[in-house]
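The chain contents come next:
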Amino acid sequence: MNEAAAYHDALGDFFATNADTSPYNAYTDRPAMLQLAGDVSGARILDVGCGAGHYAAELAARDAQVVGIDGSETLLRHAEVRVNGRAEILLHDLEKPLDFAADASFDGAICALVLHHVKNRVQLLDELRRVLRPGGWLLISTTHPTADWRRFGGSYYSHDWSDRPVAGGKFSIHYQRMPLETFLGELLTAGFVLERLIEPRPAPSLREIDEAAYDKLHQAPCFLAVKLQRP
Ligand SMILES: C[S@@+](CC[C@H](N)C(=O)[O-])C[C@H]1O[C@@H](n2cnc3c(N)ncnc32)[C@H](O)[C@@H]1O
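So, how was this worked out
Residues numbered from 1 in each chain as written. Predicted model: local features only at pLDDT ≥ 70, side-chain atom pairs only at ≥ 80, totals over all residues. Heavy atoms only, no water. Pairing = 2+ DSSP bridges. Helix = DSSP H or I, 4+ residues; strand = E, 2+ residues; numbered from the N terminus. UniProt positions renumbered as here; feature names shortened; annotations may be inferred. Axes fitted to C-alpha atoms, helices over the stretch in contact; angles between N-to-C directions. Left-handed = near helix turned anticlockwise from the far one by under 90°. Contact = heavy atoms within 4.5 Å. Nonpolar A, V, L, I, M, F, W, Y, C, P; charged D, E, K, R; others polar. Near = heavy atom within 4 Å. Polar contact = N/O pair within 3.5 Å; in protein donor to acceptor, adjacent residues only side chain to side chain. Areas by Shrake-Rupley, 256 points an atom, 1.4 Å probe, with all protein chains shown as cover.

- An unreviewed UniProt entry lists the chain under the name Methyltransferase type 11 domain-containing protein, with Nonomuraea recticatena given as the organism.

Here it is, written out as C-alpha cells:
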C-alpha cells in the first residue's frame, strides 16, 4: 500500500465529512464530473479511489451498477454507510493490478481526485484500459497544474511529491504535482483517446452559501477534468 497517499484514520474521517459540502468537492469537482458522465443508467462503473462513496452513491442513484475501490479502511466504512447496499465496495491498493476484475468487464470508470496520489500510474492506466470494454469511457479529475504552481511555487514543470496541509494544517495529503503535458501524455500513451477537457467552475448554488469561495473558484482554476474513450 502507498501508505502515505491513502486517507487513513482521522484524515479519512475529515475528508468524508468535508466532501459533503466542500466548495471544491461538492460544488466544483462532483457536479462537473457527473455532468461529463452523462446518462449512466444500466452501466457497470468502477469508482477508482471511491473515498467516502460520494460518487458511488450518486451513480447508483442514477441506476448504474457501481464497484467502488479504495485503500483506506476508514473511508470504506463511510462509503458502506453512504451507499447502503446499492454499490459493491472493496479494499484495494491502487499501486497493485486490478486483479479482481475481468478484461472488458466495465462500461466506464471514474477516478476523481485520485491519480495524483498514485506512484505507479502507468500500471493503473494499463489496468483501467484492460478492464474497460472497447468503447468504454474513463473520467479523471486532478489538481490543476497552475493551482499547484501557485501553491508550491518553483518550476511549473516540477514533478515533486509534496505534503499539502489541509484542515488548517491538522492533516496533510501526499501527492505529486505535474505539468499538463505529463498528465495528458500518460493518458494518451496508455492508449486512451481524449474526448473532452474541462476546467470546472463551481455550481451557481455555491454563490448563495459562500460567495467568497464562488468568486475565488471562478477566477483561479483548482481542478482539471477529462473524459477519455477506450478504443
Ligand atoms: C481526494 S480523495 C477522493 C475520493 C473520491 N474519489 C471523491 O472524489 O470523493 C483521494 C482518495 O484516494 C485514495 N487513495 C490514495 N492513494 C491510494 C492508493 N494507493 N490505493 C487506494 N486508494 C488510494 C484515498 O484513500 C482517498 O479516498
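Describing the pairing of strand 6 (residues 161-166)
Here is step 1 of the chain: Pairing analysis gives six bridges linking strand 6 to strand 7 (residues 171-176), with the strands arranged antiparallel. Across the sheet, residue Asp 163 finds its bridge partner in strand 7, namely His 174.
Here is step 2 of the chain: Here strand 6 folds back onto strand 7, and the loop between the two strands holds four residues, one of which, Ala 167, carries a positive phi near 55°.

Let's talk about the UniProt feature "domain: Methyltransferase type" (unreviewed entry) in the chain
Here is step 1 of the chain: In the numbering used here, UniProt assigns the feature "domain: Methyltransferase type" (unreviewed entry) to residues 46-140.
Here is step 2 of the chain: Helix makes up 32% of residues 46-140 and strand 31%, and the two end C-alpha atoms of the span are 12 Å apart.

Considerations on the packing of helix 2 (residues 25-37) against helix 3 (residues 54-61)
Here is step 1 of the chain: For the pair helix 2 and helix 3, the least separation of the axes is 12 Å and the interaxial angle reads 35°. Our pair here, helix 2 against helix 3, has a crossing hand that is right-handed. Residues Asp 29, Arg 30, Met 33 and Leu 34 of helix 2 touch helix 3, and the partners they reach there are His 54, Tyr 55, Glu 58 and Leu 59.
Here is step 2 of the chain: Tallied by class, the residues present in the contact of helix 2 with helix 3 amount to four nonpolar, one polar and three charged.

So, the site of the ligand
Here is step 1 of the chain: For the ligand, the set of nearby residues contains 21 residues, the closest of which are Tyr 7, Gly 49, Asp 70, Leu 94 and Ala 112.
Here is step 2 of the chain: In this structure, a nitrogen atom belonging to the ligand sits 3.0 Å away from a main-chain N or O atom of Gly 71.
Here is step 3 of the chain: Within the backbone of Ala 112, a nitrogen or oxygen atom sits 2.9 Å from a nitrogen atom of the ligand.
Here is step 4 of the chain: For the ligand, whose free accessible area comes to 590 Å², the fraction covered by protein is 98%.
Here is step 5 of the chain: Looking at the shell around the ligand residue by residue, the classes come out as eleven nonpolar, seven polar and three charged.

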